[in-house]
Amino acid sequence: MTHFDRLSALRRLPLAALTLALLLGARAAPAADALDDLFVEPAPEAASDAQGKPKVDEEGSSSMSGWRGFSQFELARTVAGDSHWSKARWRNELGRSGSFGQGIKWKAVGRVDYDFAYGWESDFYPAAVRDDRRSEFAWREVYLDMPVGDVELRLGRQHIVWGEMVGLFFADVVSARDMREFFTQEFDQQRIPQWAARAEYFKNDWRAELIWVPYVSVDNIGRFGGDFYLTQPDLSGISATYDAQVRPDRKLSNSNYGLRVGTLVQGWDLAAFYYRSLDVNPTFSRRFVAPTAVVYTPRHDWIHQYGGTLTKDFGSFLLKAEAVLTYDRYLPVSPLSARPDGLVRQDMVDYAIGIDIPFMSESRLNLQYFERAHMDKAPDLLASRRENGMAVLYNHKFDERLEGELLWVQSLVRNDYMFRPKLIWRVQSNWRAQFGADLFGGNSNGYFGRFGNSDRYYGELRYSF
């Protein structure tokens, strides 16, 4: 058997396992015509306990929690390059949860944004950017939980988090992200949920998770002209324009699927996964429309990913590591390459290892090393064979209400960085204020350095209920 035959057989194993599990699950629960149909008729309102959790009587009748959410105003001014207001966003998130009885539960959360900055700065931002950013509604979570024998089944729009390191995403391959502010948002706000069916099984120290994503969400990169648009490296003497992002069609043939298995062994929390998907990360294909003009089109291609995570608490520090092997991802090549779309298919390994050290003084330090290694690197690949970097996070609580945080993420290959200092003030139990800066520098063609003209200072005020 050749290398390619072995690889093809390896890739088909998870699909066979997924198909078998879905067939077994189909016998246990009826299917719905559409995910949205599950949430048309909400349950009648009932009392909730002191923590806002729905009360369920001994017969398991339906119940509903009170409304939960937050209202937040965020203000940011970009000070590098042409100074301007880059955010004046009023964000409101509202939701509730409940039970239909018999172990069946539901949750629905929506979010509405309105950003005044894109009216204030109508002469700075292109019309496409203003239209994209001024207002938005999104379902953050809309799902139904139900037990099916020993399996917990969740259907609907949901967050599926398979890994979480400091500053960047590695093993969290299922989550799409809002990249219109790069990595400057809190991860729980940056993640874009997926419409998915998820089945979880727990047995002693083992757990298994099977997911199917029939309608795929991908990274939202916004429109060209935004402060954090993912522009490509400059080509000397050539002007660049960008088409709108080509999102995958919402059809079943574009479904993603994956399997994750984990266990706990002598304090080591270990997990391994496989995920077959349309890449949530966009790839920018190019075409020359004139000798001195190029057009880029962000698109999403099929990839295979195998990965794993580990966590171990050693008492004095916490160890975490994540690694992902990705097959068939397309990457940009040198401007001198003859490839018509400017892309080459590559296999790669991404990994990160970090330690989290708590101190007696209500402080903690997180140190992290990360790297991408390209396997069988194409000679004209624009990236280096090994792209590595480091991240440092330091957090200190001055008292119960005030804490400070410093995050530094540095590329060790391209010598560019992201620096994010912030101060968090818990004014009252349900009021929180934050003040900080998002700063970028170094190589202007680097992953972080390309945003050197997007340095900004910000403040936000949140009321939670």
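S.K.: Help me understand the overall build of the chain, please; the structure alone is not making it clear to me.
M.R.: If you tally the helices and strands in the chain, you get four helices and 24 strands. The 465 residues of the chain split such that 47% are buried. Taking as baseline every contact in the chain between residues at least 6 positions apart, the subset at least 24 positions apart corresponds to 59%.

S.K.: Where do I start with the side chain of T78 in this structure?
M.R.: In this structure, T78 sits in strand 2 (residues 68–78). Polar side-chain contacts of T78 include one of 2.9 Å to the side chain of S86. Excluding its chain neighbours within four sequence positions, the residues that come into contact with T78 are S83, H84, S86, D227, N453, S454, D455 and R456.

S.K.: What is the right way to read the confidence of the model for the chain from this model?
M.R.: Detail in the predicted coordinates should be disregarded across regions flagged by low pLDDT. Mean pLDDT over the chain stands at 89; residues scoring 70 or higher make up 87%. This stretch, residues 2–59, has a pLDDT under 50; its non-local contacts, to residues over four places away or in other chains, come to 64 contacts.

S.K.: Explain the side chain of R177 here, please?
M.R.: Within the secondary structure layout, R177 lies in strand 7 (residues 176–177). Polar side-chain contacts of R177 include one of 2.6 Å to the side chain of D219. Excluding residues that lie within four positions of it along the chain, R177 makes contacts with F169, F183, Q190, I192, D219, N220, V280 and N281.

S.K.: For this particular structure, what's the right way to read the sheet that holds strand 15 (residues 293–299)?
M.R.: In a beta sheet, neighbouring strands are held together by backbone hydrogen bonds and run either parallel or antiparallel to one another. Spatially, three strands are ordered 11-15-14 in an open sheet, and the strand pairing comes out mixed. Each edge of the open sheet carries a strand with a single partner, namely strand 11 (239–242) and strand 14 (283–290). Taking the axes of each pair of neighbouring strands and ignoring which way they run, one obtains an average angle of 30° across the sheet. Bridge count between strand 11 and strand 15: four bridges; the pairing is parallel. Opposite Y242, over in strand 15, you have Y296 as the bridge partner.

S.K.: What is the right way to look at the packing of aromatic side chains in this model?
M.R.: Here the distance between the centres and the angle between the planes together describe a pair of aromatic rings. Scanning the entire structure with this criterion turns up 36 aromatic pairs. An aromatic cluster is built from F169, F182, F183, F187, F228, F440, Y447, F448 and F451, whose rings are joined through pairwise contacts. Between R96 and the ring centre of W67, over which it is positioned, the NZ or CZ distance is 4.2 Å. Above the plane of the ring of Y143 lies R154, whose end atom (NZ or CZ) is 3.9 Å from the centre.

S.K.: Looking at this structure, how should I read unusual backbone geometry?
M.R.: It is generally the case that most residues other than glycine have a negative phi and that most peptide bonds are trans. Non-glycine residue Q102 carries a positive phi angle of around 60°. Along the chain, the position of Q102 falls in the loop between strand 3 (84–101) and strand 4 (104–115). Exposure remark for Q102: the relative accessible area of 64% places this residue in the exposed category. Even without a glycine there, the phi angle at D376 is positive, about 50°. One can find D376 in the loop between strand 19 (363–375) and strand 20 (386–397).

S.K.: Explain the pairing of strand 17 (residues 318–332) here, please?
M.R.: Consecutive side chains of a regular strand alternate in pointing toward one face of the sheet and then the other. The sheet contact formed by strand 16 (residues 302–313) and strand 17 spans ten bridges and is antiparallel. Along strand 17, the bridge assignment pairs T311 with K320. A loop of four residues connects strand 16 with strand 17, the two strands running antiparallel in sequence, and G315 in this loop sits at a positive phi of about 90°. Of the pairings in the sheet, the one linking strand 17 to strand 18 (residues 343–359) comprises 13 bridges and is antiparallel in character. Within the sheet, the bridge partner assigned to A321 lies in strand 18 and is I353.

S.K.: So what exactly am I meant to see when it comes to the nonpolar core here?
M.R.: The tendency in soluble globular proteins is for nonpolar side chains to be buried side by side. Within the largest apolar cluster, 28 residues are counted, with the highest numbers of intra-cluster contacts made by F182, F183 and V409. Broken down by secondary-structure element, the contributors of at least two residues to this core are strand 15, strand 20 and strand 21 (402–411). Residues contacting V409, with those up to four places away along its chain left out, are L168, F370, M390, A391, D416, Y417, M418 and F448. Grouped together as the second largest cluster of nonpolar side chains are 13 residues, I160, A171, V173 and V218 included.

S.K.: How should the pattern of salt bridges be read in this particular structure?
M.R.: Working definition: two side chains of opposite charge can pair if their charged atoms are close together. Applying the stated criterion to the full structure yields 36 salt bridges. Measuring nitrogen to oxygen at the nearest pair gives 3.1 Å for the salt bridge that ties E141 to K107. Here K107 lies in strand 4 and E141 lies in strand 5 (residues 135–148), a separation of 34 residues in the sequence. By relative accessible area, which is 15% here, E141 ends up buried.

S.K.: Please clarify how the environment of R140 should be interpreted in this entry.
M.R.: Along the chain, R140 turns up in strand 5. Classification of R140 as buried rests on a relative accessible area of 6%. For the pair R140 and E93, spaced 47 residues apart in sequence, the C-alpha to C-alpha distance is 8.5 Å. Setting aside residues no more than four positions away along its own chain, R140 makes contact with E93, V109, G110, R111, R157, H159, D188, Q189, R191, I192 and P193.

S.K.: I keep staring at a nonpolar patch on the surface and nothing clicks. Help me out?
M.R.: A contiguous nonpolar surface patch, about 660 Å² in accessible area, is contributed by F73, L75, W85, W90, Y114, F116 and W120. Relative to the helices and strands, F116 resides in the loop between strand 4 and helix 2 (117–120). For F116, a relative accessible area of 34% puts it in the partly exposed group.

S.K.: I tried to follow the pairing of strand 20 on my own but got confused; where do I start?
M.R.: In the sheet, strand 19 pairs with strand 20 via eleven bridges, with the strands oriented antiparallel. Paired with R364 across the strands is N395, a residue of strand 20. Across nine bridges, strand 20 lies against strand 21 in antiparallel orientation. Bridging across to strand 21, H396 finds its partner in G404. The loop that links strand 20 with its antiparallel partner strand 21 comprises four residues.

Cut-offs used in this document
- Residues numbered from 1 in each chain as written.
- Predicted model: local features only at pLDDT ≥ 70, side-chain atom pairs only at ≥ 80, totals over all residues.
- Heavy atoms only, no water.
- Helix = DSSP H or I, 4+ residues; strand = E, 2+ residues; numbered from the N terminus.
- Buried < 20%, exposed > 50% of the residue type's maximum accessible area, 1.4 Å probe, protein only.
- Contact = heavy atoms within 4.5 Å.
- Polar contact = N/O pair within 3.5 Å; in protein donor to acceptor, adjacent residues only side chain to side chain.
- pLDDT = per-residue confidence, 0-100.
- Pairing = 2+ DSSP bridges.
- Axes fitted to C-alpha atoms, helices over the stretch in contact; angles between N-to-C directions.
- Phe/Tyr/Trp six-rings, centres within 6.5 Å; stacked < 30°, edge-to-face > 60°.
- Lys NZ or Arg CZ within 6 Å of the ring centre and 35° of its normal.
- Core = buried A, V, L, I, M, F, W, Y, C linked by side-chain atoms within 4.5 Å.
- Salt bridge = Lys/Arg side-chain N within 4 Å of Asp/Glu carboxyl O.
- Patch = residues over 30% accessible without salt bridge, like charges linked within 9 Å, V, L, I, M, F, W, Y side chains within 5 Å.
- Areas by Shrake-Rupley, 256 points an atom, 1.4 Å probe, with all protein chains shown as cover.

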